[in-house]
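# Structure assessment
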Amino acid sequence: MKVLLVDDEQELVVTLAERLGFRGVDAKWATTGHEAVVLARQESFDVAVLDVKMPRVSGIQLKKDLERIRPDMKFVFVTGHGSEEDFRIGSAEAARYLVKPLDIDVLVETLKQVVAP
Amino acid sequence: MTRSADDGLPSLSVDCLRFFGAMSASVSHEIRNKLAVINEKAGLVEDIAIAMKSGRVPDPERLETQARKIVEQVREANRIVRSLNRLAHSTDEAVATVDLSALVDLVIELYGRKAAMAQATISRRGPAGEIPVRTHPFLVAHAIGSCLGTAVSRVDASHELTVAAERTDAGARVRIGRLVGAAAAGVDPKHHAADLGALLEVLGAELADDAETGELVLDIRHSKSHDPGGLP
């Protein structure tokens with residue numbers, strides 16, 4: 001499984017990518033929407049894990065940009081807010097919606113479910 | 001004092017609650033992000049420990065790096081909490097002699113995330129040093145924050161806002177402007193002063209623009225009140 005992690009907090013995505021690597025998941029990371037788009041153009045990913053609120057491009061907008069490049073890509077939204085509004089938007093826009101701090105086992109299980117045929 | 005339309009509370013009280021709510025929401029979001037990083041770093045240390053048990057040779061530097069980064073995140077989270085705590089304690093006394101310079105630094109720190117989300121940065125300009133002013137500490141923080149919030153929301157991408165504080169004969173002054181370009185911070189002081197009407201009135205403060213520098217200028221006069229009671 002190939003996963004693209006996008007969050008403006010670099011320490012978070014770097015560490016998550018490493019932890020997913022321990023669990024057999026091939027994860028790459030980006031800290032901006034632009035970096036994510038460049039990566040998606042270079043290679044395909046099964047699923048993208050996007051922070052809902054980021055500077056410049058929001059997770060919602062980034063999902064649309066990535067879908068244009070990779071129509072088959074699946075999405076999981078992550079937020080640090082956990083507000084009702086975020087839950088509503090996240091649930092409507094992506095296959096799954098998770099709240100930080102993440103449980104790595106829940107994340108891995110969610111990724112498996114999202115990419116399952 | 002006017003009252004809000006729907007709940008009977010004085011409109012200034014509602015504004016104050018909104019300001020404190022917005023700051024609390026922003027800070028709690030930032031803390032949650034730090035906790036998320038700490039959570040992953042601690043998890044990675046555990047992953048490395050499990051790998052060691054299964055016979056894989058660890059790189060000691062890798063563990064040391066993760067431990068150091070956890071400490072850094074805790075330190076950052078503590079700094080953020082301390083700022084919110086200082087804002088909370090600014091309500092302790094309705095009128096007090098405060099260091100406006102320190103208050104400006106506090107509000108800049110609290111607005112850091114909001115500015116980052118708007119692709120703007122806020123920095124201090126001018127000489128450091130204490131600027132004592134007798135005033136309503138929380139209300140001044142609210143007024144500075146409100147001016148900054150409006151400036152941040154209207155500033156163009158990749159611009160840096162600057163904030164300066166200075167003494168005046170009557171009290172103290174805060175200047176908000178752009179580092180790049182000669183244009184004003186993007187705030188119409190007339191409209192903004194109308195929004196902050198009750199707040200400026202209680203503070204005995206004035207909001208204006210400096211046509212020469214294009215800065216938004218908040219003038220705060222020393223309060224003559226000696227009442228240390230609660231907020232108005």
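What you see is a predicted model, and the numbers here were worked out from it, not measured in a lab.

### Points about the overall build of chain B
The secondary structure content of chain B amounts to seven helices and seven strands. Across chain B, every contact between residues at least 6 apart in sequence was considered, and the portion connecting residues at least 24 apart equals 74%.

### Looking at the overall build of chain A
A tally of helices and strands in chain A yields five helices and five strands. What you see in chain A, going N to C, is helices and strands ordered as β-α-β-α-β-α-β-α-β-α. For chain A, restricting intrachain contacts to residue pairs at least 6 apart in sequence, the fraction spanning at least 24 positions comes to 58%.

### Focus: the domain arrangement of chain B
One frequent convention defines the size of an interface as the accessible area lost when the parts assemble. Residues and elements named next belong to chain B. Per the domain assignment, the segments making up chain B are domain 1 (11-89) and domain 2 (96-221). On the side of domain 2, 12 residues touch domain 1, which itself brings 13 residues to the contact. Of all the secondary structure elements, the ones that give two or more residues to the side of domain 1 that touches domain 2 are helix 1 (11-53) and helix 2 (60-89). Sorting elements by how many residues they give to the side of domain 1 that touches domain 2 places helix 1 first, with 10 residues. When grouped by side-chain class, the residues that make up the side of domain 1 that touches domain 2 number six nonpolar, four polar and three charged.

### Details of the interface of chain B and chain A
Across the contact, 16 residues belong to chain B and 17 residues belong to chain A. Among the elements that line the side of chain B that touches chain A, the one with the most residues is helix 1 of chain B, at 12 residues.

### Quick look at the pairing of strand 1 (residues 2-6) of chain A
Residue and element names in this part refer to chain A. Within strand 1, four of the five residues are buried, leaving the element largely enclosed by the surrounding structure. In the sheet, strand 1 pairs with strand 2 (residues 26-30) via five bridges, with the strands oriented parallel. The partner of Val6 across the bridge, within strand 2, is Ala30. Tracing the backbone out of strand 1, into helix 1 (residues 10-22) and back to the parallel element strand 2 gives a crossover that is right-handed. Relative to strand 3 (residues 47-51), strand 1 is paired through four bridges, and the arrangement is parallel. Residue pairing for strand 3: Val3 is matched across the bridge by Val47.

### Brief notes about the packing of helix 1 of chain B against helix 2 of chain B
Relative orientation and spacing of two packed helices are given, respectively, by the angle between their axes and the distance between those axes. All names here are of chain B. Running from amino to carboxyl end, helix 1 crosses helix 2 at an angle of 165 degrees, the nearest separation of the two axes being 9 Å. Taken as axis vectors, helix 1 and helix 2 run roughly antiparallel relative to one another. The handedness of the crossing between helix 1 and helix 2 comes out as left-handed. In terms of residue class, the contact of helix 1 with helix 2 is built from 17 nonpolar, three polar and six charged.

### Observations concerning unusual backbone geometry
Residue and element names in this part refer to chain A. Going from Lys100 to Pro101, the amide bond is cis rather than trans, its omega being -10 degrees. Within the secondary structure, Pro101 is located in the loop between strand 5 (96-99) and helix 5 (104-115). Even without being a glycine, Arg56 presents a positive backbone phi close to 70 degrees. Within the element layout of this structure, Arg56 appears in the loop between strand 3 and helix 3 (59-69).

### As for the sheet that holds strand 1 of chain A
All names here are of chain A. The strand order across the open sheet formed by five strands is 2-1-3-4-5, and the pairing between neighbours is parallel. Because the sheet does not close on itself, it has two edges, and the strands there are strand 2 and strand 5. Pairwise comparison of adjacent strand axes, ignoring direction, gives a mean angle of 20 degrees for this sheet. With five bridges joining them, strand 3 and strand 4 (residues 74-79) adopt parallel strand pairing. What sits directly across from Asp51, in strand 4, is Val78. Packed on one face of the sheet, helix 3 meets strand 1, strand 3 and strand 4 and runs near 155 degrees to strand 3.

### Focus on the sheet that holds strand 4 (residues 160-167) of chain B
All names here are of chain B. Spatial ordering of the open sheet is given by 2-4-5-7-6, a layout of five strands whose pairing is mixed. Edge positions in the sheet fall to strand 2 (121-125) and strand 6 (205-210), since each has one partner strand and no second. With strand direction ignored, the average angle separating the axes of adjacent strands in the sheet is 20 degrees. The strands touched by helix 3 (residues 100-110) within the sheet are strand 2, strand 4 and strand 5 (171-178), with strand 4 carrying the most contacts at an inclination of about 160 degrees.

### Concerning the confidence of the model for chain B
All names here are of chain B. Of the residues in chain B, 83% reach a pLDDT of 70 or more, and the chain-wide mean stands at 83. Within the model, pLDDT remains below 50 along residues 180-186, and this stretch shows 19 contacts once partners closer than five positions in the same chain are excluded. Both scores are available for the predicted complex, with the pTM at 0.83 and the ipTM at 0.89.

### Comments concerning the packing of helix 2 of chain B against helix 3 of chain B
Residue and element names in this part refer to chain B. Packing of helix 2 against helix 3 leaves a shortest axis separation of 10 Å and a crossing angle of 125 degrees. What the angle tells us is that helix 2 and helix 3 run oblique. Every pair of crossing elements has a handedness; the one defined by helix 2 and helix 3 is left-handed. In this structure, helix 2 contributes Ser83, Arg86 and Leu87 to the contact, and helix 3 contributes Leu106, Glu109 and Leu110. Split by residue class, the contact of helix 2 with helix 3 holds three nonpolar, one polar and two charged.

Criteria and thresholds
- Residues numbered from 1 in each chain as written.
- Chains lettered and ligands numbered in written order.
- Predicted model: local features only at pLDDT ≥ 70, side-chain atom pairs only at ≥ 80, totals over all residues.
- Helix = DSSP H or I, 4+ residues; strand = E, 2+ residues; numbered from the N terminus.
- Contact = placed C-beta atoms within 7 Å.
- Domains from an automatic or database assignment.
- Nonpolar A, V, L, I, M, F, W, Y, C, P; charged D, E, K, R; others polar.
- Buried ≥ 20, exposed ≤ 12 C-beta atoms within 10 Å, placed from the backbone.
- Pairing = 2+ DSSP bridges.
- Right-handed = clockwise from strand over helix to strand, strands pointing away.
- Axes fitted to C-alpha atoms, helices over the stretch in contact; angles between N-to-C directions.
- Parallel < 35°, antiparallel > 145°, perpendicular 65-115°, else oblique.
- Left-handed = near helix turned anticlockwise from the far one by under 90°.
- pLDDT = per-residue confidence, 0-100.

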